[in-house]
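If you want the building blocks of each chain, they are given just below.
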Amino acid sequence: MSIQLLVLMCNLLCGRYGVSYGNIHFISMSTEHDWSVGSEQTTFLEHLLSSVDRSQTPWLVFAGHRPMYIDSTNDANQGSDLTVAKSLKKHLEPLLKSYGVDLAMWGHHHSYQRTCPVYKELCTSSAPTHVVIGMGGQSLSHDVKSVKPSWAVVVDDQHFGYSRFEANGTHLKFMYIRNDDGQIHDQFTLVK
């Protein structure tokens, strides 16, 4: 077995990979492995981010399990929602912004949440929009703050649902559809 194949297998098993589909390039990371600056994973992610040909895949979508931006009251321990989010922001948020990630998709928290385009907890047009798409889980998380953070546009911890998106060279349209009525309850369009 070649060393290249072993590295590929390790990256896939650790949840880090990049793949293009149409005009979108997807990059996935593991939020269960070290993501600190200089770590093997962060070095690999930076390599993936820097090698995206935006003339072929103008849209860059980043994904991980635990969210970087999350409306949650779970701050009880080192692995809590807010502690993990703070660490992801510290170590990875600059990479996402500098390489022009358009959309960041996360899970873990069983809710639907969407941010404004956000960097360092401030809404800014030149930053990724983040979505938490955990509303298909076995149960919903009901631990959101009574007042949502300033960067949170939509927080729904009351309904199951799913998301879908479509993209062409200039527009990426994202939709959140609730299961109970089959209707779109949030949608936004990113424009190049």
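These lines cover the structure that appears in this document, whether it is placed above or below. Along each chain, residue indices are assigned from 1 in the same order as the chain's sequence is written. It should be noted that, the model being predicted, local features are given only for residues of pLDDT at least 70 and side-chain atom pairs only at 80 or more, the latter also being counted only at that level, while totals for whole chains, interfaces and linings use all residues. Neither water nor hydrogens contribute to the side-chain values; these are computed over all heavy atoms in the structure.

## So, the pairing of strand β11 (residues 184-191)
With 7 bridges connecting them, strand β10 (residues 171-178) and β11 associate as antiparallel partners. By the bridge assignment for β11, Met175 is matched with Gln187. In textbook terms, the turn of a hairpin is the stretch between consecutive antiparallel strands, and for β10 and β11 this stretch comprises 5 residues, one of which, Gly182, has a positive phi near 70°. When DSSP finds two or more bridges between two strands, those strands count as paired. Secondary structure follows DSSP: runs of H or I at least 4 residues long count as helices, runs of E at least 2 residues long count as strands, and numbering of each begins at the N terminus.

## Quick look at the pairing of strand β4 (residues 103-106)
Each residue's exposure class comes from its accessible area (1.4 Å probe, protein chains only) as a fraction of the maximum for that residue type: buried when under 20%, exposed when over 50%, partly exposed otherwise. Neither face of β4 is exposed, since Leu103 and Met105 on one face and Ala104 and Trp106 on the opposite face are all buried. Inspection of the sheet shows strand β3 (residues 59-64) paired to β4 by 4 bridges, in the parallel sense. When the bridges of β4 are listed, Val61 appears paired with Leu103. Summarising the sheet, β4 and strand β7 (residues 129-133) pair through 4 bridges and their orientation is parallel. Opposite Leu103, over in β7, you have Thr129 as the bridge partner.

It is worth stressing that arrangement in space is one thing and function is another; only the former is reported here.
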